Amino acid sequence: MQEEIQKMKEIVLIYLDRSGGLQKFVHDCKKYNDSKQSYAVYRFVISINPSDIAELDATLGNYILHNPIKAAEIFQSVCFVAIKTLSLIEQLQTEAQISILLKPTHLPPLPSYVLSLSAFPFNYTSHRFYMSEGIVIAMGIVTKYTQGARFLCTEETCPFSEGFRYIRVHLPGATESATVRNDFVCSLCSSALQEDMKFRVLGDKQIVEMIDAKVLNALKGYSNNKSHFRIQTFTVFLRDELANRMTIGDHYKIIGIPTCVQNGPQATACIEVSSVQLCKPNGPSFIGENFKYLLSLTSESCWRFTAILANIFASQVVPPGTCNTLKLALLLSLVQTCEKESADYLDLLVVTSDALVIDRLLNYSICLLPRGIRHPSSSDIFPSVSKDKHGTGSASIQACSVLLAKGGICYIGDLCTYKKDKLELLQSVLESRTTTLFIPGKKYGEEADQQVTISVQTNFWSYVDVGSSSKKHIPKDSFLIGQMDLSLLPPNLLDVFGLLIYDEFPSCRLSFPLVHHVLKKAINPEATLYRVSQQFRTQDYEEFILFAKNLHVEMSSEAENLIQGYYLASRRVRRDSMHGSNLSASALKILISLSKAHTKLSLRKKVLEEDALIAVLLLESSLTLKHGKSALCIEPNAVFPFDLSNETSLQQRDIYLRKCHHQLLKFISAYGPGIHVNTNEE
């Protein structure tokens, strides 16, 4: 056995030399030596590649993967000999003062190395490395823990009453009491040991709660997935250099050692993390053949492809040709989702008199994204603070619907069901795209109060049911042409939503197809009522949206001029003497976001004037609902003025949109003459 250990020590030295780890080790030793300060514990982090070590020596590779604590002892012995031989740290006295933390770069891609809390059994007794992944749903603030401590014998005549014989070092899964307590005794004279507080070494510790990514499927409002699975959270300990490496709401892959921590009568399964890697979703590099064929058929027009997409979209929920404007807006919002702080967000607010149909449509749509979340009314939309459940008494930030929907859609239902304070908070978040939490220090055992700001990277969807609300929508004589009575909601909240869509539902023309669809689906929910539902399946739309949202698009100078010209002209037209312009400063961002979204939906990479025109018509329709018609004077259904039943109707729509384009240019020249497009009128 001693010969085997000695051989493994030699292999460790060879590996450190070849991998560059020895050079890093010498550099770390130099920092300790230059400080001229004596420490109880000298901590070294060593990155190891299990594959490379297994090629050098299979036994050592097996130790690292299946007995990492014993493997760390072998590395500890090698490092101690190296320090003494090369005189790297003059203050070092004993081998026990060296603490080695092994960090594997990866684990073998085999099922036995993957840990899932949704599957039994959960092997937390092996104390070996496992790989797991999940989403961060709660995160504590950074606190201190004891990395290592020096103990001395209380008997003055004992040789161990001085020196560094008794060193306690934190091991994975160990509690604070396992490292530091007052019942240790001397192995030589059996006297009590006492800690030398001057040599206690402290490190950073952060407790994180993670959950299997399958939870996202459970939080969707509608799903075709009928499988059942068990989900539970698991606790993750981040220590020292890994503290604050995670962000709440993100998806991570971790490598660590599972263990069980006892907290009174409660036993908690946890993982002591060695490495953290952010999981970035990769969209498909292809789209379905039917979409490619449709794109080739409509290549002569920049508007037809997206028109047909909207016309046939969600045929599993509503009949084709129904709610085309709303469905186009949903598709635009779906492709305009990403996890960048400076993203072009596109929030939707739907005004309807038939909430049931709209709710089904929105529920169906959010399931097309991996991060589409329907907010349950029993939980919080935004993050909250509570006491850590592991007995530390420190603050823990709890995730919520909006953070779980990071890079996706958060569907929050009927706005009229929320109280005034929640609506004010929603307005603040939509304006700043951040939410701020106040953590009182006195309540959570800290010396000072803290304020944590969290970025909100999601699109919001909601609706207002004017049909069932106690405040019915009643047109008034004082209203302008085209303006709706939206007194149900604060006007400032309406302004921060990117797009307001009115779907007068059901209308006389669509009542029979809709009723027929609902009755057929009620009788046989699995029935395919339309041929187009077979040609363009839900899965096809999922792949299409994931492909389109990852396209990188750029603005053309023509599109920029059209957008800025409309924006400046509209600010002049939509103005009154008391309140100034009705057009908010965010309208320009919304126009750009809509234009880029339409370009992505068209599978192009350059924003054209045709994309900008659709953006203008959608925003102008939204502004008309809020403030009434302007001098531009567009049709009520500006983007879809009539049914799309055949190729002739598509040609008529193209002719109509070209007229709208000409009308828009006349509007800009009439109300924005002599204005340079880059001038900030404010």
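What you see is a predicted model, and the numbers here were worked out from it, not measured in a lab.

S.K.: Please clarify how the pattern of salt bridges should be interpreted in this entry.
M.R.: Opposite charge on two side chains permits them to pair, given that their charged atoms come into close proximity. Taken as a whole and assessed by the stated rule, the structure comprises 23 salt bridges. Notably, a salt bridge pairs Arg-43 with Glu-241, separated by 3.2 Å at the nearest N-O pair. Taken together, the positions of Arg-43 in strand β1 (residues 42–48) and Glu-241 in the loop between β8 (234–239) and β9 (251–263) put the pair 198 residues apart, joining distant regions of the chain. The network of salt bridges with shared partners includes Arg-43, Lys-103, Asp-240 and Glu-241.

S.K.: Would you mind showing me how to read the packing of aromatic side chains here?
M.R.: Aromatic ring pairs are defined here through the distance separating the ring centres and the angle between the ring planes. Counted under the stated rule, the structure contains 18 aromatic pairs. A ring pair is formed by Phe-291 and Tyr-541, whose centres lie 5.3 Å apart and whose planes are at 85°; its orientation type is edge-to-face. Placement of the pair is Phe-291 in helix α8 (residues 289–297) and Tyr-541 in helix α17 (residues 538–549), with a sequence separation of 250 residues. With 6.1 Å between their ring centres and 55° between their planes, Phe-313 and Tyr-364 make a pair best called tilted. Of the two residues, Phe-313 is situated in the loop between α9 (304–312) and α10 (324–335) and Tyr-364 in helix α11 (residues 355–366); the sequence distance between them amounts to 51 residues. For the pair Phe-313 and Tyr-364, one class covers both residues: buried. Three or more aromatic residues link up through ring pairs in this structure, and these residues are Phe-291, Phe-305, Phe-313, Tyr-364, Phe-536, Tyr-541 and Phe-544. Taking NZ or CZ as reference, Arg-150 lies 4.7 Å from the ring centre of Phe-199, over its face.

S.K.: Just to check I follow, could you spell out the sheet that holds strand β19 (residues 499–503) for this structure?
M.R.: Pairing between the strands of a sheet comes from backbone hydrogen bonds, and it takes one of two forms, parallel or antiparallel. If you trace the 5 strands from one edge of the open sheet to the other, you get β12-β15-β18-β11-β19, paired in parallel fashion. The sheet is open, and its two edges are formed by β12 (372–374) and β19, each paired on a single side. Taken pair by pair, the neighbouring strands of this sheet meet at an average axis angle of 20°, ignoring direction. Direction of pairing for β12 relative to strand β15 (residues 409–414): parallel, over a ladder of 3 bridges. Bridged to Ile-373 within β15 is Cys-410.

S.K.: Would you mind showing me how to read the side chain of Asp-654 here?
M.R.: Tracing the sequence through the fold places Asp-654 in helix α21 (residues 647–671). Classification of Asp-654 as buried rests on a relative accessible area of 3%.

S.K.: Teacher, can you tell me more about helix α20 (residues 609–627) here?
M.R.: The periodicity of an α-helix, 3.6 residues per turn, causes residues three or four places apart in sequence to face the same way. Here α20 contains 19 residues, and its C-alpha end-to-end distance of 26 Å stays within 8% of the 27 Å for a straight helix at 1.5 Å per residue. Among the 19 residues in α20, 17 count as buried, and that is most of the element. Looking one or two residues beyond α20, the residue adopting positive phi is Gly-628, at roughly 95°.

Basis of the calculations
Residues numbered from 1 in each chain as written. Predicted model: local features only at pLDDT ≥ 70, side-chain atom pairs only at ≥ 80, totals over all residues. Heavy atoms only, no water. Salt bridge = Lys/Arg side-chain N within 4 Å of Asp/Glu carboxyl O. Helix = DSSP H or I, 4+ residues; strand = E, 2+ residues; numbered from the N terminus. Phe/Tyr/Trp six-rings, centres within 6.5 Å; stacked < 30°, edge-to-face > 60°. Buried < 20%, exposed > 50% of the residue type's maximum accessible area, 1.4 Å probe, protein only. Lys NZ or Arg CZ within 6 Å of the ring centre and 35° of its normal. Pairing = 2+ DSSP bridges. Axes fitted to C-alpha atoms, helices over the stretch in contact; angles between N-to-C directions. Expected span 1.5 Å × (residues − 1).

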